[in-house]
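# Overview (structure and organization)
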Number of protein chains: 2
Amino acid sequence: MKRDVDRLMEERGIDVAVIEGEVKGNATMFYMINGAKLSHATVIKKRGEEPVLLCGTMEREEAEESGLRVIDTSKYDFMKILKDAGGDRLKASVEYYRIIFDELGVSGNVAFYGKGDTGANLVRLNALDEGLSNVTVMGEYSDNVFITARATKEPYEIERIREVGRLTCEVVQHVIDFWKSHRLEGDTLMKADGTPLTIGDCKTEIRIALAKRTLVEEVDTIFAIGRDAGIPHSRGNDTDTIMTGKTIVFDIFPQEQGAGYFFDMTRTFVLGEASSEILDAYAQLSEIHESVLAALKMGERAGKYQGMVCDFFEGHGHETPKTNPQVRNGYVHSLGHGVGLNIHENPRLSNAPGMADVLEPGHVFTVEPGIYYPDKGWGMRIEDVVYVHEDGTMENLTKFPKDLVVKL
Amino acid sequence: MKRDVDRLMEERGIDVAVIEGEVKGNATMFYMINGAKLSHATVIKKRGEEPVLLCGTMEREEAEESGLRVIDTSKYDFMKILKDAGGDRLKASVEYYRIIFDELGVSGNVAFYGKGDTGANLVRLNALDEGLSNVTVMGEYSDNVFITARATKEPYEIERIREVGRLTCEVVQHVIDFWKSHRLEGDTLMKADGTPLTIGDCKTEIRIALAKRTLVEEVDTIFAIGRDAGIPHSRGNDTDTIMTGKTIVFDIFPQEQGAGYFFDMTRTFVLGEASSEILDAYAQLSEIHESVLAALKMGERAGKYQGMVCDFFEGHGHETPKTNPQVRNGYVHSLGHGVGLNIHENPRLSNAPGMADVLEPGHVFTVEPGIYYPDKGWGMRIEDVVYVHEDGTMENLTKFPKDLVVKL
């Protein structure tokens, strides 16, 4: 939570945090400017003080919506600084921060955050470190102050995630209804124009349904059928037709329009009838999914549940990452991840070395076991989002049935 | 163009280019992997050799679509590296690249590109520079090799931009038709349910129209009315109602779904009737826009046209950045920018110090003068995209009328 930021900065010896870059795709920036609708900005937060928002003159009004103290950077006249630097943009960028840091009294260990051009930032931040004698430029490699703070959500964040979740469930139901509105010809769903319904058609329908609800796909929804469903990150092939008897993995993770909170859920469907092989596997998958949901406990190491799932699957004859890190058939990924302003954040339900996340109040995370056999032409995954209440109650935010078979 | 990359690397003393990060929002990555639908990847390009694409095992099939040599990184077993590093992710990341660089024969000046977490990349790349004795880690601050190469488009890129442009024009026309389908009550457009049509309604309609065409808003479309139209980057207020007599600045810059090419166009509309003040200003704006389009010439400095526009507007009594860098009333920005895999790229039609771009064959850029008087309650901008053919012919890719007034 935001109130943890000062404590974390102190623990890590950080005097000042500077968050830079575009707002879009930059969760920490969005977090610190309270979702103000800027295109890009800089936030400077001295430890123990309120953050200051610097932005261009054209976005001054949007900046005010942050509730932060706003500085219109036009007063620093970057064009003059650039001219004085003989058009050398790197030199000018150092000079620009020198002026701002002097004005705001920034010195000591200054850590940079945000997102941006990798090479340009490397050059610029090293030049800044060298150019400003009273500043030590720092970064944090993983689980930085803001990633850590963002992992535990406040009630206003839960309400937003809950609402995205409600709308996401509506979209999944809409897709089921959309399938049912089509006519079956042999084993293929057909459109009114006599051509087969494709994954591309379904994806367009999903995007329209999202747009109507002011949601957006940050990256392509996973909507994969048959063999592709057996490859967890396959987005699905737009020209594939929607057929009965095959598993469809529908993993949808929309974000609030214009940057904001995500939701993340997966259902697996088979239209018409499922084979006994698929039904048996789905029964196993449902069993372990429910077992994990029932076992989740505040204070437990998140990776423990990955171990539980691996043990279950190995006991049922499926390979898992526990015994084969390169596993491609069986259970092939980790169990879950936090969801918030990033689609993947802390906590990690993973047993990778060094992963020591413990389930805490405010955590919002997915539980998503899957079974994958691409060479057999199928794959399946069930994914819900769980919220840990203050008292340790686990609330499943994904209020949607898990029926595999869709009768047409 | 891609064929320029080796020459540019040589000129800048770069032996190897490493492009990292998510594909989404990472134009150089998209460019180098030929639009393959990966979520994230690493590309290693030794000067004079074909690039190699490294990706996770779950995205191996998408990676093949790049046409590049693909290495499935599961073979490096990062989890074992991480374990050997005692769970220290930074140490493991250095070791990981050591193994890959050894295998691929990477040494010398290795420049990093792409997009990512600012602080984490700073720490990691400095550690890499220190940890690998045969590698000097570099970055480029501005106009890097790939930004420079990407500024001149190849025919296949033009066709994609042209198609996004055609679809974008369809969406603008759709919005005009959408307005006309509403009933006027006094000076306000009304919905069938008896409530006023709002900017939020129009934006939802735009997003649906884009989704139907497999396009997406990367950031919010600018759709601002009245006073907000006078602030160039104002996205517009969702609850504002659509009224007659006010300028509506409609600046739409969609991208191909899932990352890809952008288009960028602006039209200004007044529903019903426009005041003589607005009509007069629009006549000036149209005149200078047409004059610039007619004057554009291959080989000329792009910034020259910004000067031409400033001189014209100052001659008509409007302030401009030429005499007041902090101008907020009058003409308040630069004239244009390249458009491609980023919404803003080279060339820059700007007179900022150090800006020396010259119009070249393959350039695709906007021409977008505007006049802004927020305190008078209006603003206006016209924006077309121009493509410079091999023989210097300037083609306007924005095939859409520029009528200000929309009769209801």
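Residues numbered from 1 in each chain as written. Chains lettered and ligands numbered in written order. Predicted model: local features only at pLDDT ≥ 70, side-chain atom pairs only at ≥ 80, totals over all residues. Heavy atoms only, no water.

Our next topic: the environment of A:K91. With respect to the helices and strands, the residue A:K91 is situated in helix α5 (residues 89-104). C-alpha separation for the pair A:K91 and A:Y141, spaced 50 residues apart in sequence, amounts to 26 Å. (Helix = DSSP H or I, 4+ residues; strand = E, 2+ residues; numbered from the N terminus.)

Facing 72 residues of chain A, the contacting portion of chain B comprises 71 residues. Taken over both partners, the interface formed by chain A and chain B buries close to 6,000 Å², and the fraction arising from carbon and sulfur atoms is 57%. Of all residues in chain A, A:M58, A:T118 and A:Y141 bury the most surface against chain B, accounting for 13% of the area lost on that side. Inspection of the region where chain A meets chain B yields eight salt bridges. One salt bridge connects A:R235 with B:E59, and the closest N-O pair in it is separated by 3.9 Å. (Contact = heavy atoms within 4.5 Å. Buried area = accessible area lost by both parts, 1.4 Å probe. Salt bridge = Lys/Arg side-chain N within 4 Å of Asp/Glu carboxyl O.)

Further remarks concern the layout of surface pockets. With a probe scaled to a water molecule rolled over the atoms, the places where space remains empty come into view. All names here are of chain A. Considering only enclosed or pocket space, the second largest pocket measures out at about 400 Å³ in volume. If you go around the second largest pocket, you meet 25 residues; those closest to its centre are F30, K37, Q257, G258 and A259. By residue class, the composition of the lining of the second largest pocket is nine nonpolar, six polar and ten charged. (1 Å grid on protein atoms, 1.4 Å probe; cavity = no way out; pocket = protein on both sides within 12 Å on 5 of 7 lines; lining within 4 Å. Points joined across faces, edges and corners; volume = space filled by probe spheres on them. Nonpolar A, V, L, I, M, F, W, Y, C, P; charged D, E, K, R; others polar.)

With that settled, the discussion passes to the packing of helix α8 (residues 155-180) of chain B against helix α9 (residues 199-212) of chain B. All names here are of chain B. Remark: α8 packs on α9, axes separated minimally by 10 Å, with the N-to-C direction vectors making an angle of 140°. Relative to α9, the element α8 is oriented oblique. The chirality of how α8 crosses α9 is right-handed. Counting all contacts with α8, which are made through V171, H174, V175, F178 and W179, the residues of α9 involved are D201, C202, E205, I206, A209 and L210. Residues belonging to the contact of α8 with α9 are distributed by class as follows: eight nonpolar, one polar and two charged. (Axes fitted to C-alpha atoms, helices over the stretch in contact; angles between N-to-C directions. Parallel < 35°, antiparallel > 145°, perpendicular 65-115°, else oblique. Left-handed = near helix turned anticlockwise from the far one by under 90°.)

On to helix α6 (residues 118-131) of chain B, then. A rise of 1.5 Å per residue sets the reference length of α6(B), with its 14 residues, at 20 Å; its end C-alpha atoms lie 20 Å apart and thus fit the reference within 8%. Burial in α6(B) covers these residues: B:T118, B:G119, B:A120, B:N121, B:L122, B:V123, B:R124, B:L125 and B:L128. (Expected span 1.5 Å × (residues − 1). Buried < 20%, exposed > 50% of the residue type's maximum accessible area, 1.4 Å probe, protein only.)

Glancing now at the sheet that holds strand β11 (residues 247-252) of chain A. Residue and element names in this part refer to chain A. Within the open sheet, the four strands sit side by side as β10-β11-β13-β21. Their pairing is mixed. One side of each edge strand has no neighbouring strand; the edge strands of this open sheet are β10 (222-225) and β21 (405-406). Of the pairings in the sheet, the one linking β10 to β11 comprises four bridges and is antiparallel in character. Bridged to I225 within β11 is I248. Sitting on the sheet, helix α8 (residues 155-180) touches β10, β11, β13 (265-271) and β21, and the angle it makes with β13 is about 15°. Docked against the sheet, helix α9 (residues 199-212) engages β10 and β11, running at close to 155° with respect to β10. (Pairing = 2+ DSSP bridges.)

Now for the sheet that holds strand β21 (residues 405-406) of chain B. Residue and element names in this part refer to chain B. Taking strand neighbours across the sheet as the criterion, the four strands line up as β10-β11-β13-β21 in an open arrangement whose pairing is mixed. The two strands at the open ends of the sheet, each matched to only one other strand, are β10 (222-225) and β21. Its contacts with the sheet place α8 against β10, β11 (247-252), β13 (265-271) and β21, and it is angled at close to 15° to β13.

Take the pairing of strand β2 (residues 40-46) of chain B next. All names here are of chain B. Counting buried positions along β2 yields five of seven residues, so the element is predominantly enclosed. Pairing analysis gives seven bridges linking strand β1 (residues 16-22) to β2, with the strands arranged antiparallel. Opposite A17, over in β2, you have K45 as the bridge partner. As judged from the three bridges shared by β2 and strand β3 (residues 52-55), these two strands associate in the antiparallel manner. The residue bridging V43 from the neighbouring strand is L53, located in β3. With antiparallel pairing between neighbouring strands as the criterion, β2 and β3 make up a hairpin whose turn holds five residues, including G48 at a positive phi of roughly 85°.

On to the relation of the copies chain A and chain B. Its rotation angle being 180°, the transformation that places chain A on chain B also includes 0.0 Å of axial translation and leaves an RMSD of 0.0 Å. The superposition of one copy onto the other is thereby described by a two-fold rotation axis. Of the residues that chain A buries at the interface, 99% are likewise interface residues in chain B, meaning the two copies contact each other through the same surface. (Least-squares fit on C-alpha atoms with pLDDT ≥ 70 in both.)

With 100% of its residues at a pLDDT of at least 70, chain A reaches an overall mean of 95. Both scores are available for the predicted complex, with the pTM at 0.93 and the ipTM at 0.92. (pLDDT = per-residue confidence, 0-100.)

Residue and element names in this part refer to chain A. Helix α11 (residues 303-315) packs onto helix α10 (residues 276-295) with a crossing angle of 150° between their chain directions and a minimal axis gap of 11 Å. Classed by the angle they form, the pair α10 and α11 counts as roughly antiparallel. Considering how the two elements wind past one another, α10 and α11 form a crossing that is right-handed. Contact with α10, carried on its side by Q284, L285, E287, I288, S291, V292 and A295, involves Y305, M308, V309, F312 and F313 of α11 and no other residues of that element. Class assignment for the residues of the contact of α10 with α11 results in nine nonpolar, two polar and one charged.

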